Structures are given as C-alpha cells and as structure tokens.
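Per-entry structural report
Here are the chains, one letter per residue:
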Amino acid sequence: MAKVKKVLMGNEAIAWALLAQGATVLTSYPGTPASEILASARKFKAEKGLEVWAEWAVNEKVAFEIALTNSWIGGRSAVMMKQVGLNVALDPLMSAAYAGVKGGFVVVSADDPGPYSSQTEQDSRFLAMFAKIPVLDPATPQEAAEMVRRAFELSERHQIPVMLRPTSWICHGRQGFELEEIVQRRQPISLQKDPAHWAAPPRQRFRLHGELNRKVKEVARANTVELLLGDEGADLAVIASGVPFAHLHDVIKGMGIEDRVAVYKVDMPFPLPPGIESSLEGYAEVLVLEEPGAVVELQLRMPVRGRLDGTLPSEGEYTPELVADVLLRLLGSQRERPSRPKEGHRPRLCPGCPHRAAFWALKEALPGGIYPGDIGCYTLGMNLGVVDSFLCMGASVSQAEGFWIALRQAGLPIPPIGATIGDSTFLHAGVPALMDAVHNRASFVLMILDNGTTAMTGRQPTLATGEEGKRPVSIEEVVRGCGVEFIRVVDPYDVETTIQALKEADRFARGEGKGPAVVIARRPCPLLFREESRGVVRINDNCTGCMTCVHDLECPALEEGDGIPVVLEDLCRGCGVCVHVCPVGAIEVVQR
Ligand code: SF4
Ligand code: SF4
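The shown structure was predicted, so the numbers you read here are calculated from the model rather than taken from an experiment.

1. Considerations on the overall build of the protein chain
Each helix and strand in the protein chain was counted, giving 21 helices and 20 strands. Here the C-alpha radius of gyration of the protein chain, 27 Å, is about what a compact globule of 592 residues would show, namely 25 Å. When burial is assessed residue by residue, the protein chain has 57% of its 592 residues classed as buried. Working note: accessible area of the protein chain is about 25,100 Å², and carbon and sulfur atoms make up 52% of it.

See the structure below:
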C-alpha cells in the first residue's frame, strides 16, 4: 500500500486513517475534542471524490445506530463523539456489544482530561469495559492513526465493536505522519438478515452475552503489555496507558533515570491480558499511570500505587511536571508536588454575538426569574446572570419543567422561568423534553438561540441549516409539532422587540394550563457568516464612567479606560446591544 507523508492534527490523521482503511459510513455529532474527525473526513472525501457517507447526525445515538447498521451488512463503519456524547449513545453501545458486527465497527470516543470543554472528565474506557468491548488507548497522534487499522482488524476478527479512545492532546496535537494513501474501496456488502443476533428476544440474550464473554476472553489472550523502557532489575515498574505514557517516556529520558524505572506500555486497557500480574511481581513498587480514570488499576489483582491509594490525584490532567514529581517521590527524592496552573480569564461570548443580545433581553423581560441553561457557547450566559444551571444536552427544557413541578408541588411561588437552548442542542435532545412539558402543561418560556450553526465545536451544520441535497428541518414546525401554542421568531439584535416577545410569552405560559411558550431568537453566528460590521460604537459626553456597559455585558470590544470605556474598533461588530445597557444614553452606534 502506497504511503504518504503529511503534517496533520491528530483528528485529521484519525479521519484519514478511517478512510484509508475503507470505512464507507462515518457519522458523528460535534463535540470537543472529537469534532474535527468528521469535518476532516468530509474534506478528504471531497478532495478524493470518494463515495462514502459522512454525516453530522442529529445526536450521538442516531449517529451510532446508522454506522452500526452498515457494519451489520458487511461495511466498515465508524462513529465519532466526545466522551459525554458516548453517554447519549450508551443504549445502542450496550446492545451492539451483544449483537456483534460483521464489517469492522470503530467507536471513537474522545476524552477531555482537565476538563477543558466538558461537563465531566469521565473516562470512556470505563464504558468500553462496562459494555465489554475492547478499547485502544493511543499515546501519540501517530499511534492513534495506526490504531485505526488495528481496531478494524480486531473488530472483524472477533465480530465485536472496538473503541478508539484518544484524549485532547492526541486530538489536537500536530505532527508529521506517514499514512496509507486513501483509495476508494468496495466492501463485501450483502443484505443477509441475521435475526439470531439482530433480533434475539430477551430470553435468548444470555446466549449473546455468553458469546460476548468468549470474544472478550479471546481478545484478552491476544493482548500484550510490553516492557518498553528500562529492565526487570529496576526498583520501580510503571504500567502506563495513553498520553501519560508519552509524558512518562519524555520525563524518564529527560531526567536520565532509565536504569531506575521499568516502563510497561498498555495499548489496550481493556481487556487486559490474563496473568499480567506475574510479570510485575518482582518489583518493589508498581505504579499505574493512566487518565482520567483507574481502568487498568482496577483490573490488576495485586497491590499497586496510583489513583486509588492517593499516590496520584483523582482529578485533573496529568502533566509532565506531575509525572516527574510522582516518580521522584517514589524513587525517594524530596520534591514538592507542583501546584495546579492558575485559572486564566474566564471565557466570554464573542463581540457582536447574538446570544449576548438575547440574554440581555431575557434579563430585562423576566427579572428575578430562574434560568435553566444548556450545553453550547451560550452556557456563557452565566456571565450575564441568566444561566443558573446546565446539566447535559437538552436538560434546560426538562429542568425548566422540573423547576415548575418542584415549586408547584411545594406550594411555593413560581418566579418567571426562562430556559435557553441552542438550535443544534434543541434538535439533539430538547425535543422529547419539550413534548413532555407540553403534555404536562408546564409553564415556562423557552428561548431557542438559533444562530444557524453548531458554533462552539467549530461551526458544523445542523439539521435546521441543511446542506446541499438535504432537506432542512424547520425548528418552528418541530416546536409546533410538539404541541406548543405560542411561538414567536425574533431578531435578538432588535432588543426591544425581543423583550416584548419574551414578556408576552411569559404572560401566555402563566395563563392557566397553557403550557410552555417558545421564542426563537434567530440571527446567524457572525463568525460563520462573516457579515460586515454594522458600525462602531462611540461614547458621547453623557458618559459618567460607571462602567456598567463593560461589566454587565462582558463584550470583548469594550474595556475599562481612563474614566470612560474604550471601544476596540477592530473587534466591535456594531450590534448595538451596549446602547441598551447604558443607563444615561451615552453609547451610540455610528457608521465606520
Ligand atoms: S454604561 Fe454608559 S455611562 Fe456607564 S461607562 Fe458605559 S457608556 Fe459610560
Ligand atoms: S461594543 Fe457594543 S456594539 Fe460593539 S460588539 Fe460590543 S456590544 Fe456590540
């Protein structure tokens, strides 16, 4: 097979390898750090003129089921998501492990130790172990690309889904790669129904469970954990998996302590080879280094150092400094554990972001309210005091209903309830919750922040924006289909109209037995559509220097100056929201 040399981001290399290995159906829902995998696959597909299906699905569950089905009839397939997306796809994952596959099926679930852009720093490897499927844990981007081939081969050999678990460093790290060239492949597809696996009734599932257990044992027997650095005479053995292995390798080489530490590398943290403990028994101490959970550590049947005995922190990312510190401590050197890096400035919505305008209107229209929020860049509405909670995708709607039920049940006064959710998140997981709220006639206002894209993860298309050859989904029709009787569509830059629509929605929702009211705040993300700035802000002589505009809006284009605010003209989009914030009318938008 011809090889090509390229400098790529880890996610691009994973996408390249999936296509080079002949995947014909690739599906995903955007989520950092995994988003660039499908985006890159679509780019390579277009460049190479490939006949593959590369889809942004409505959510991870749907994405999983579409890709799995292609594997059932013999095609190689992959589904990509972030770790919390795997929770959404957990239902089909559990059953797919029982049902098995025919064509290779790779589940890429990217973890976010830290976490940098997630609600949790959960470990996808635990869900692989829970579902009883093998998981590969790359230590470098190059290894991630190489593991794609191994994952497909393993999947086909044992007829089982295989997980590839990169972490943020792998996904976003950039390096030179040597990769197999991408060529269009034809898979041996045949629609041969297999009811014994696809449609086994519950009483027969124990048989599939037994089949799965046998597969896991076979995979475990073929797994190996190799001594890659140091030798068996060392004082300390470290068994390392994923990115911490790469840190460990660099730290040991950098400190010149190769003779004191024996390093075993784990490529497949589940299922571990049987009897692995016997090769570790001769060492005075054994440390397990992995992140962000204790998957290997929990499987070892021998005393080890690691997360569970407090040798390593149970949360947060493992940096090279932290790895160096723990090694020196275990080797008897005194050194303080490095402190965690200080927090930087908190993230803010972009200048001219329509969400800022919508949030300001919400605050004005429903003062003293309770504001359930959701997952997306609009979670930053918390900076403006109008996001009180965010749990997971779609939870703003169910929690708005939940607050209404809880306060009503307790006989307490119910303040205005103003929930917010993005367009993509609404379609992903908000729709069933809205149906439930309509069914129960729960009284709250839901503002759908429709900026025409999945902005936070890199501006992927949504089902509502549509793509060439596909039919866009109408958010209004979906909302109406859920049974909502009050729907208004507004431009959030028109702050006064948005405030009036929200007040009207609140009156409607609080009318006896009317149920939720929906306001769709629609304006495209200025970063995506790169529309011309509408002007620039000038501060006039009325300014008292109170800095309300700077602190209450947190627009990056406005900074505190010497007595009056400073407008950063290069950043200002002329959206005019700050005009509404100034209590003395000192802000004007003028043409550039
Ligand atoms: S809110 Fe108005 S008065 Fe206060 S600093 Fe800003 S421009 Fe000046
Ligand atoms: S300074 Fe005012 S007009 Fe300019 S982008 Fe910020 S909020 Fe909009």
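2. Structural notes on the site of ligand 2
All residues adjacent to ligand 2 are Gly352, Val537, Cys555, Ala557, Leu558, Cys572, Arg573, Gly574, Cys575, Gly576 and Cys578. Its atoms largely coinciding with the cavity grid, ligand 2 occupies the largest cavity. Its residues placed into classes, the shell around ligand 2 shows seven nonpolar, three polar and one charged.

3. Looking at the layout of surface pockets
Looking at the largest pocket, its volume works out to about 700 Å³. Taken together, 28 residues make up the lining of the largest pocket; nearest its centre are Pro347, Gly376, Cys377, Leu380 and Met456. Those elements that provide at least two residues to the lining of the largest pocket are helix 14 (354-365) and helix 19 (526-529). Residue composition of the lining of the largest pocket, grouped by class: 17 nonpolar, eight polar and three charged. Summarising the domain contributions, the lining of the largest pocket has at least three residues from each of domain 1 (3-221) and domain 3 (354-522).

4. A word on the site of ligand 1
Around ligand 1 sit 13 residues, and of these Cys543, Cys546, Met547, Cys549 and Cys582 come closest. Its residues assigned to classes, the shell around ligand 1 shows 10 nonpolar, three polar and no charged.

5. A few points about empty space enclosed by the protein
Applying the stated rule across the entire model yields five cavities of 30 Å³ or more. Volume-wise, the largest cavity comes out at about 110 Å³. If you go around the largest cavity, you meet 16 residues; those closest to its centre are Val537, Cys555, Cys572, Cys575 and Cys578. For the lining of the largest cavity, the residue count by class is 11 nonpolar, three polar and two charged. As for the second largest cavity, its lining consists of 14 residues, and the residues nearest its centre are Cys543, Cys546, Cys549, Cys582 and Ala586.

6. Describing the nonpolar core
One finds Phe426, Leu434, Leu446, Ile448 and Val479 to be the most contacted residues of the largest nonpolar core, which totals 75 residues. In this structure, this core is formed jointly by two domains, domain 3 (354-522) and domain 4 (536-590), each of which donates at least three residues. Apart from the residues within four sequence positions on either side, Val479 is in contact with Phe426, Leu434, Ile448, Val484, Ile487 and Val518.

7. Describing the domain arrangement of the protein chain
How big an interface is tends to be reported as the loss of accessible area on association of its parts. For the protein chain, the assigned domains are domain 1 (3-221), domain 2 (224-330), domain 3 (354-522) and domain 4 (536-590). The centre of domain 2, based on its C-alpha atoms, is set 47 Å off from the matching centre of domain 3.

8. Here we look at the sheet that holds strand 2 (residues 25-28)
Read across the sheet, six strands follow the order 3-2-4-5-7-6 without closing on themselves; strand pairing throughout is parallel. On the outer flanks of this sheet lie strand 3 (53-56) and strand 6 (135-136), each paired with one strand and no other. In this structure, strand 5 (residues 105-110) lies alongside strand 7 (residues 162-164), joined through three bridges in parallel fashion. Bridge assignment links Val106 to a residue of strand 7, and that residue is Val162. Against the sheet, helix 2 (residues 36-48) contacts strand 2, strand 3, strand 4 (77-82) and strand 5, and its axis sits at roughly 140° relative to strand 3. The strands touched by helix 3 (residues 60-72) are strand 2, strand 3, strand 4 and strand 5; relative to strand 4, the strand with the most contacts, the crossing angle is about 165°.

9. Considerations on helix 7 (residues 141-158)
The end-to-end C-alpha distance of helix 7, which contains 18 residues, comes to 26 Å, matching closely the 26 Å that a straight helix rising 1.5 Å per residue would cover. The complete set of buried residues in helix 7 reads Pro141, Gln142, Glu143, Ala144, Ala145, Met147, Val148, Ala151, Phe152, Leu154, Ser155 and His158. Where helix 7 terminates, the next one or two residues include Gln159, which has phi positive at roughly 50°.

10. Quick word on the environment of Lys102
Along the chain, the position of Lys102 falls in the loop between helix 5 (90-99) and strand 5. Along the backbone, Lys102 and Ala237 are 135 residues apart, and their C-alpha atoms lie at a distance of 39 Å. When residues no more than four places from it in sequence are discounted, the contact partners of Lys102 are Ser71, Trp72, Gly74, Glu156, Ser190 and Gln192. Engagement of the side chain of Lys102 in a polar contact is seen with the side chain of Ser190, the distance being 3.4 Å.

11. Observations concerning the pattern of salt bridges
Evaluation of the coordinates by the stated rule reveals 26 salt bridges. A salt bridge links Arg522 to Glu476; its shortest N-O distance comes to 2.9 Å. Taken together, the positions of Arg522 in strand 16 (residues 517-522) and Glu476 in helix 17 (residues 475-481) put the pair 46 residues apart, joining distant regions of the chain. In the salt-bridge network here, residues are joined through shared partners; they are Asp111, Asp123, Arg125, Asp137, Arg165 and Glu290.

12. What about the packing of aromatic side chains?
Counted according to the given criterion, the structure contains five aromatic pairs. Both rings, one in Phe64 and one in Phe105, keep their centres 5.1 Å apart while their planes meet at 90°; by these two values the pair is edge-to-face. Placement of the pair is Phe64 in helix 3 and Phe105 in strand 5, with a sequence separation of 41 residues. Exposure class is identical for Phe64 and Phe105. Each is buried. Plain terms: the ring middles of Trp72 and Trp198 are 5.0 Å apart, the flat faces sit at 10° to each other, and that makes the pair stacked. Linking Trp72 in helix 3 with Trp198 in helix 9 (residues 195-198), this pair joins segments that are 126 residues apart in sequence. A cation over a ring is seen here: Lys265 above Phe245, with NZ or CZ 5.3 Å from the ring centre. Here the guanidinium or amino end of Lys514 rests over the ring plane of Phe508, the centre of that ring lying 5.5 Å away.

13. Considerations on the sheet that holds strand 15 (residues 486-490)
Taken together, the four strands give an open sheet; going across it, the order is 13-14-16-15, and neighbouring strands pair in parallel fashion. Lying at the two open borders of the sheet, with one neighbouring strand each, are strand 13 (418-422) and strand 15. The sheet shows a mean angle of 20° between the axes of neighbouring strands, taken without regard to direction. Contacts between helix 16 (residues 423-439) and the sheet are confined to strand 13, strand 14 (445-450) and strand 16, with strand 13 contributing the most and set at about 130° to the helix. Its contacts with the sheet place helix 18 (residues 495-510) against strand 14, strand 15 and strand 16, and it is angled at close to 175° to strand 15.

Basis of the calculations
Residues numbered from 1 in each chain as written. Chains lettered and ligands numbered in written order. Predicted model: local features only at pLDDT ≥ 70, side-chain atom pairs only at ≥ 80, totals over all residues. Heavy atoms only, no water. Helix = DSSP H or I, 4+ residues; strand = E, 2+ residues; numbered from the N terminus. Rg over C-alpha atoms; globule rule 2.2 N^0.38 Å. Buried < 20%, exposed > 50% of the residue type's maximum accessible area, 1.4 Å probe, protein only. Areas by Shrake-Rupley, 256 points an atom, 1.4 Å probe, with all protein chains shown as cover. Near = heavy atom within 4 Å. 1 Å grid on protein atoms, 1.4 Å probe; cavity = no way out; pocket = protein on both sides within 12 Å on 5 of 7 lines; lining within 4 Å. Sits in = over half its atoms within 2 Å of the grid points. Nonpolar A, V, L, I, M, F, W, Y, C, P; charged D, E, K, R; others polar. Points joined across faces, edges and corners; volume = space filled by probe spheres on them. Domains from an automatic or database assignment. Core = buried A, V, L, I, M, F, W, Y, C linked by side-chain atoms within 4.5 Å. Contact = heavy atoms within 4.5 Å. Pairing = 2+ DSSP bridges. Axes fitted to C-alpha atoms, helices over the stretch in contact; angles between N-to-C directions. Expected span 1.5 Å × (residues − 1). Polar contact = N/O pair within 3.5 Å; in protein donor to acceptor, adjacent residues only side chain to side chain. Salt bridge = Lys/Arg side-chain N within 4 Å of Asp/Glu carboxyl O. Phe/Tyr/Trp six-rings, centres within 6.5 Å; stacked < 30°, edge-to-face > 60°. Lys NZ or Arg CZ within 6 Å of the ring centre and 35° of its normal.

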